[in-house]
Amino acid sequence: MSVDVTLWVVFVAALITALATGLGALPFLFVKTFSARWLSLFNALAAGLMLAASHSLVSEGSRDAPWLTLAGMAIGLALVIISDWGIQRRGSPDVSELNGANARKALLILGIMTMHSFAEGVGVGVSYGGGESLGMFISAAIAIHNIPEGLAISLILIPRGMSVMKAAGWSIFTSLPQPLMAIPAFVFVTWFAPFLPIGLGLAAGAMMWMVFSEILPDALENAPSSSVATTVVLAFFAMYAFQHAIH
């Protein structure tokens, strides 16, 4: 296979992983109204999914470079704190149908998931550097993994007033760095590979902050703490089992 064809395969594979994120919004085609209690439980579900995703990122990065992963987590934490401070200071621009506090939460989760996608795009490109069969396997795993991540995004956006189609579009938007980063990572695989643990840790650190600072407090507003805790743990279990199955 020629280099041009290989680059095209890498781009298409990474694009498919990005498009798969939008599938996470599909369950909301069948849910039209949300009570305050269900909104809280949706937040708890999103928190569990994001914590499991963070655990997966840290575990993957720590296999090769635990200290780089830890450094990435510190960078991710600093970036999200600075971003939140900047948004609060300047005010939140409207995001589609969302404004005010809802727009602020939307901007934070969309920004965090976009950071996460840079690492996944590098992962796709680096994996293709190890051969087409390995690249296809990793791309398929990331695509399947992106569906519950799209669900986590939709759980934040849709109950706050965004339409299903727009939530799916924003979910895909957060994954667009995957095809953009896959090509340079494939071409310069030996240069990009050492930085992958930093990217994984960066996304994990930012995601964990979002869970504990924003999502869980919202979840506890209109649902008992026992129900929220149970939902978080069950979501973590389900996501962990799902990730283990696809790997």
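To be clear, the structure that these remarks concern was listed above.
Overview of the structure. (Residues numbered from 1 in each chain as written. Predicted model: local features only at pLDDT ≥ 70, side-chain atom pairs only at ≥ 80, totals over all residues. Heavy atoms only, no water.)

1. Topic: the side chain of Glu120
Reasoning step 1: If you trace the backbone, Glu120 turns up in helix 4 (residues 100-128).
Reasoning step 2: Of the buried charged residues, Glu120 lacks a salt bridge, with Arg63 as the closest side chain of opposite charge at 12 Å.
Reasoning step 3: Within the structure, Glu120 has its side chain in polar contact with the side chain of His116 (distance 3.1 Å).
Reasoning step 4: In contact with Glu120, other than residues within four places in its own chain, are Ile142, His145, Asn146, Glu149 and Gln178. (Helix = DSSP H or I, 4+ residues; strand = E, 2+ residues; numbered from the N terminus. Buried < 20%, exposed > 50% of the residue type's maximum accessible area, 1.4 Å probe, protein only. Lys, Arg positive; Asp, Glu negative; His and termini not counted. Salt bridge = Lys/Arg side-chain N within 4 Å of Asp/Glu carboxyl O. Polar contact = N/O pair within 3.5 Å; in protein donor to acceptor, adjacent residues only side chain to side chain. Contact = heavy atoms within 4.5 Å.)

2. Looking at the packing of helix 2 (residues 36-64) against helix 9 (residues 196-219)
Reasoning step 1: Between helix 2 and helix 9, the shortest axis-to-axis distance is 8 Å and the interhelical angle comes to 160 degrees. In terms of their interaxial angle, helix 2 and helix 9 are classed as roughly antiparallel. In terms of crossing hand, the pair formed by helix 2 and helix 9 is left-handed.
Reasoning step 2: Of the residues contributing to the contact of helix 2 with helix 9, the split by class is 19 nonpolar, four polar and two charged. (Axes fitted to C-alpha atoms, helices over the stretch in contact; angles between N-to-C directions. Parallel < 35°, antiparallel > 145°, perpendicular 65-115°, else oblique. Left-handed = near helix turned anticlockwise from the far one by under 90°. Nonpolar A, V, L, I, M, F, W, Y, C, P; charged D, E, K, R; others polar.)

3. A word on the packing of aromatic side chains
Reasoning step 1: Taken as a whole and assessed by the stated rule, the structure comprises seven aromatic pairs.
Reasoning step 2: Consider the rings of Phe28 and Phe42, whose centres lie 5.7 Å apart with planes at 75 degrees: the pair is edge-to-face. Of this pair, Phe28 sits in the loop between helix 1 (3-20) and helix 2 while Phe42 is found in helix 2, placing the two residues 14 residues apart along the sequence. With respect to class, Phe28 is no different from Phe42; both count as buried.
Reasoning step 3: Judged by centre distance (6.5 Å) and plane angle (10 degrees), the ring pair of Phe236 and Tyr240 falls under stacked. Residue Phe236 and its partner Tyr240 are located together in helix 10 (residues 225-246), separated by four residues, close to a single helical turn.
Reasoning step 4: Taking relative accessible area as the criterion, Phe236 reaches 24% and is therefore assigned partly exposed.
Reasoning step 5: Among the residues examined, Tyr240 registers a relative accessible area of 43% and is labelled partly exposed.
Reasoning step 6: Three or more aromatic residues joined by ring pairs form one cluster here, namely Phe28, Trp38 and Phe42. (Phe/Tyr/Trp six-rings, centres within 6.5 Å; stacked < 30°, edge-to-face > 60°.)

4. Points about the nonpolar core
Reasoning step 1: Within the largest apolar cluster, 53 residues are counted, with the highest numbers of intra-cluster contacts made by Met50 and Met210.
Reasoning step 2: If you list the elements that add at least two residues to this core, you get helix 2, helix 3 (66-90), helix 4, helix 5 (132-157), helix 6 (164-174), helix 7 (177-187), helix 9 and helix 10.
Reasoning step 3: By residue number, the principal contributor to this core is helix 9, which donates twelve residues.
Reasoning step 4: Among residues more than four places away in sequence, those in contact with Met50 are Ile109, Met113, Ala152, Met207, Met210, Val211 and Ile215.
Reasoning step 5: Listed in part, the eight residues of the second largest apolar core include Val124, Tyr128, Ile142 and Ala182. (Core = buried A, V, L, I, M, F, W, Y, C linked by side-chain atoms within 4.5 Å.)

5. Describing helix 9
Reasoning step 1: Counted at 1.5 Å a residue, the expected span for helix 9 with its 24 residues is 34 Å, and the 32 Å between its end C-alpha atoms agrees.
Reasoning step 2: Along helix 9, the largest kink reaches about 40 degrees and is centred on Val211.
Reasoning step 3: In terms of burial, helix 9 is largely enclosed, as 18 of its 24 residues are buried. (Expected span 1.5 Å × (residues − 1). Bend = angle between axes of the 7 residues up to and from the residue.)

6. Side note on the side chain of Ser154
Reasoning step 1: As for its placement among the helices and strands, Ser154 is situated in helix 5.
Reasoning step 2: Ser154 gets classed as buried once you look at its relative accessible area, which sits at 0%.
Reasoning step 3: Setting aside chain neighbours within four positions, we find Ser154 in contact with Gly24, Ala25, Phe28, Pro159, Ala167 and Ser171.

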